[in-house]
Amino acid sequence: MGKMGTQVNTDDSSAKLTLSATAEWVQDTENTPVYAVVSAVSEASGLDMVELPPLYDAINPDALNALFTSRAEPAVNKISFEYAGYDVVVRGTGAVEVRTTVNA
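What counts and how
Residues numbered from 1 in each chain as written. Predicted model: local features only at pLDDT ≥ 70, side-chain atom pairs only at ≥ 80, totals over all residues. Heavy atoms only, no water. Helix = DSSP H or I, 4+ residues; strand = E, 2+ residues; numbered from the N terminus. Buried < 20%, exposed > 50% of the residue type's maximum accessible area, 1.4 Å probe, protein only. Contact = heavy atoms within 4.5 Å. Pairing = 2+ DSSP bridges. Arc of directions from axis to C-beta. Polar contact = N/O pair within 3.5 Å; in protein donor to acceptor, adjacent residues only side chain to side chain. Phe/Tyr/Trp six-rings, centres within 6.5 Å; stacked < 30°, edge-to-face > 60°. Core = buried A, V, L, I, M, F, W, Y, C linked by side-chain atoms within 4.5 Å.

Novice: So what about the environment of Ala 58? Which residues, and what values?
Specialist: Positionally, Ala 58 belongs in the loop between helix 1 (33-45) and helix 2 (61-69). Relative accessible area serves as the criterion here: at 31%, Ala 58 is assigned to the partly exposed category. Note: C-alpha distance between Ala 58 and Tyr 83 (25 residues apart in sequence) is 5.6 Å. The contacts of Ala 58, once residues within four sequence positions are left out, are Phe 81, Glu 82 and Tyr 83.

This is the structure we're talking about:
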């Protein structure tokens, strides 16, 4: 479903490690933006989807789906928010990106 990668920032002595995962959603399918967000965070965190906190604690899931799937063209280009300790970006192109930075 997505990819997990690591990148080391060697610009400073604290060496930040950025973890990320990606997923895709497809309009008019069960693979909604909400499903893609939870799936990508699950992959990035190593937790099962049911172990994650409720998404509605971070964003209204119905509104998120509606912004991207209720019309032929998404109502917005992208939405950014925090969920379960991760920075999440949902794009109108169908991409979901999940990132976190940890001090090494």
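From this point on, the discussion continues.
Novice: Before we move on, can you summarise the pairing of strand 3 (residues 78-83) with the specific residues and values?
Specialist: Note on strand geometry: in a regular strand, side chains alternate between the two faces of the sheet. A one-sided burial pattern is seen for strand 3, the buried positions being Ile 79, Phe 81 and Tyr 83 and the unburied ones Lys 78, Ser 80 and Glu 82. Taken together, the 6 bridges between strand 3 and strand 4 (residues 86-91) define a ladder with antiparallel strand orientation. Bridge pairing in strand 4 places Phe 81 opposite Val 88. A loop of 2 residues connects strand 3 with strand 4, the two strands running antiparallel in sequence, and Ala 84 in this loop sits at a positive phi of about 55°.

Novice: Would you mind going over helix 2 in detail, with residue names and values included?
Specialist: Every buried residue of helix 2 is accounted for by Leu 64, Asn 65 and Phe 68. Taken down its axis, helix 2 places every buried residue within 95° of arc, on the same side. In this structure, the buried residues of helix 2 make contact with helix 1, strand 3 and strand 4. One side-chain oxygen at the N-terminal end of helix 2 lies 2.9 Å from the backbone nitrogen of Asp 62; it belongs to Asn 60.

Novice: Requested: an account of the packing of aromatic side chains, with residues and values cited.
Specialist: Applying the stated rule across the entire model yields 1 aromatic pair. Look at Trp 25 and Phe 68: their rings are 5.7 Å apart centre to centre, the planes differ by 55°, and that puts the pair in the tilted class. With a gap of 43 residues between them, Trp 25 in the loop between strand 2 (16-24) and helix 1 and Phe 68 in helix 2 connect regions that are remote in the sequence. Across this residue pair, the class does not change: Trp 25 and Phe 68 are buried.

Novice: Account for the nonpolar core, naming residues and giving values.
Specialist: Judged by nonpolar contacts, the single largest core of 23 residues is most densely connected at Val 37, Phe 81, Tyr 83, Val 88, Val 90 and Val 96. When contributions to this core are tallied by element, the ones reaching two or more residues are strand 2, helix 1, helix 2, strand 3, strand 4 and strand 5 (95-103). Broken down by element, the residue count for this core peaks at 7 residues, all from helix 1. With residues near it in sequence (within four places) discarded, Val 96 still touches Ala 21, Thr 22, Ala 23, Trp 25, Ala 36, Val 37, Ala 40, Val 88, Val 89 and Val 90.

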